[in-house]
Structures are given as structure tokens and as C-alpha cells.
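Descriptive structure summary
Here is how the chains run, residue by residue.
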Amino acid sequence: MIYVTVGSYPAGFDRLIQYVDDLVGMHPVECVAQIAGGSYVPKNFRYQRFFNSSEQNDFIKNAQFVISHGGFGVIGDIIRMGKPMIVVPRPPEEGPNDQRPVARRLASQFGFPLCENFATLQEQFLLMNASDTSSLKYQLDTDIPETIADFLRSL
């Protein structure tokens, strides 16, 4: 199963959802997505506007890999869970801020693929879908992300 998340931005991230919908239509695979308030409705996979954090964590844990927007919080969650991911950062014209600079830095540091167009997303989707991704481990040089996550879960 592939899990897709676009974050909580009210307008969603229609371009990403449509990209993945097209890919799943061409290369059938089980997929579940959190699409927020976007206007595009996928035809080829299950979706929900929002999942609570427990549901989202379960989807991430059970996914073969995750396709995510470039939000720092969800990238940190995916890294801590040791799941492979493809990140498609939201540019400023598609959201409240430009996710590309932080996503580029994290991709450089942790080695996950960063895709800013359909061609590179398709390439990475096909690679990950054909690979055994179960042994992936991210090298965390600090326990700060886990400490922050623990604190947030305690609230």
C-alpha cells in the first residue's frame, strides 16, 4: 500500500493528488490518500479529506512507501518511522509558503527523492514500487526530532 499525504492546508495540493491518481491508473497498486480540501477527487484510489494523527501514523507504518508534500512535520514523522518516501514540495503559488528550500535541505541530508514534476515523480514511483524498501534506515544524528514528537504527543 502506498500512502499519500498533502497536509492540512485547506486548499489541498491538487497537482500532487492528480499526479498520483494518473500513476495509479497506469500502474495499479493499492493507495490511500489524505487530500485535505482540494477540489480534485481521485478516481483510482481511496481517499479521505483528513485523518487524525493516529490514523495517519498507522497508514505511514503500514505503507510500502509514502508520497508526501514538503511539510517538515510529516517528513520528520516518516523519517522517525523509517519509511521510504518521495517528497513533492508545494511551491508558493500552490500554498501558504514555499516548501522547496526545507525539502531540498532534508532530501540532501537524508537521501530521499525530491520530485518537482510528473516525470521525476513517475520515475521514483516506479523505482520504489518495484523495490524491497523494508530495510531502509535513516541515520539520525540527534534525538531532537523524537523528543519533540514525544512532547507533542503528550499535549
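Residues numbered from 1 in each chain as written. Predicted model: local features only at pLDDT ≥ 70, side-chain atom pairs only at ≥ 80, totals over all residues. Heavy atoms only, no water.

What follows deals with the packing of helix α1 (residues 14–26) against helix α5 (residues 118–129). Packed helices, taken two at a time, are described by their axes: the angle between them and the distance between them. Interaxial distance between α1 and α5 falls to 11 Å at its minimum, and their mutual angle equals 45 degrees. In terms of their interaxial angle, α1 and α5 are classed as oblique. As α1 runs across α5, the sense of the crossing is right-handed. Within the contact between the two elements, α1 uses L16, Y19, V20, D22, L23, V24 and M26 and α5 uses F118, L121, Q122 and F125. Here the contact of α1 with α5 is built from residues that sort into nine nonpolar, one polar and one charged. (Axes fitted to C-alpha atoms, helices over the stretch in contact; angles between N-to-C directions. Helix = DSSP H or I, 4+ residues; strand = E, 2+ residues; numbered from the N terminus. Parallel < 35°, antiparallel > 145°, perpendicular 65-115°, else oblique. Left-handed = near helix turned anticlockwise from the far one by under 90°. Contact = heavy atoms within 4.5 Å. Nonpolar A, V, L, I, M, F, W, Y, C, P; charged D, E, K, R; others polar.)

The subject of this paragraph is the pairing of strand β2 (residues 31–34). Here β2 shows two buried faces, one formed by C31 and A33 and the other by V32 and Q34. Relative to β2, strand β1 (residues 2–5) is paired through four bridges, and the arrangement is parallel. Residue T5 lies in a different strand from β2, and its bridge partner there is Q34. Taken together, β1, α1 and β2 form a β-α-β motif whose crossover is right-handed. (Buried < 20%, exposed > 50% of the residue type's maximum accessible area, 1.4 Å probe, protein only. Pairing = 2+ DSSP bridges. Right-handed = clockwise from strand over helix to strand, strands pointing away.)

For H69, the location among the structural elements is in the loop between β4 (65–68) and α3 (72–81). At 3.2 Å, the side chain of H69 and the backbone nitrogen of G71 are in polar contact. Those residues in contact with H69 that lie beyond four places of it in its chain are T5, V6, G7, F13, L16, V74, I75, V87, V88, R90 and Q99. (Polar contact = N/O pair within 3.5 Å; in protein donor to acceptor, adjacent residues only side chain to side chain.)

We now examine α3. Every buried residue belonging to α3 is among V74, I75, G76, I78 and I79, and all of these are buried. Phi turns positive, to about 70 degrees, at G82, one or two residues after α3.

Right, let's talk about helix α2 (residues 53–62) for a bit. For α2, the complete set of buried residues consists of Q56, F59 and I60. Taken around the axis of α2, the buried residues stretch over an arc of 100 degrees, which confines them to a single face. Elements that come into contact with the buried residues of α2 comprise β1, β2, β3 (46–48), β4 and α3. Looking at where α2 begins, the residue whose side-chain oxygen comes 3.0 Å from the main-chain nitrogen of S54 is N52. (Arc of directions from axis to C-beta.)

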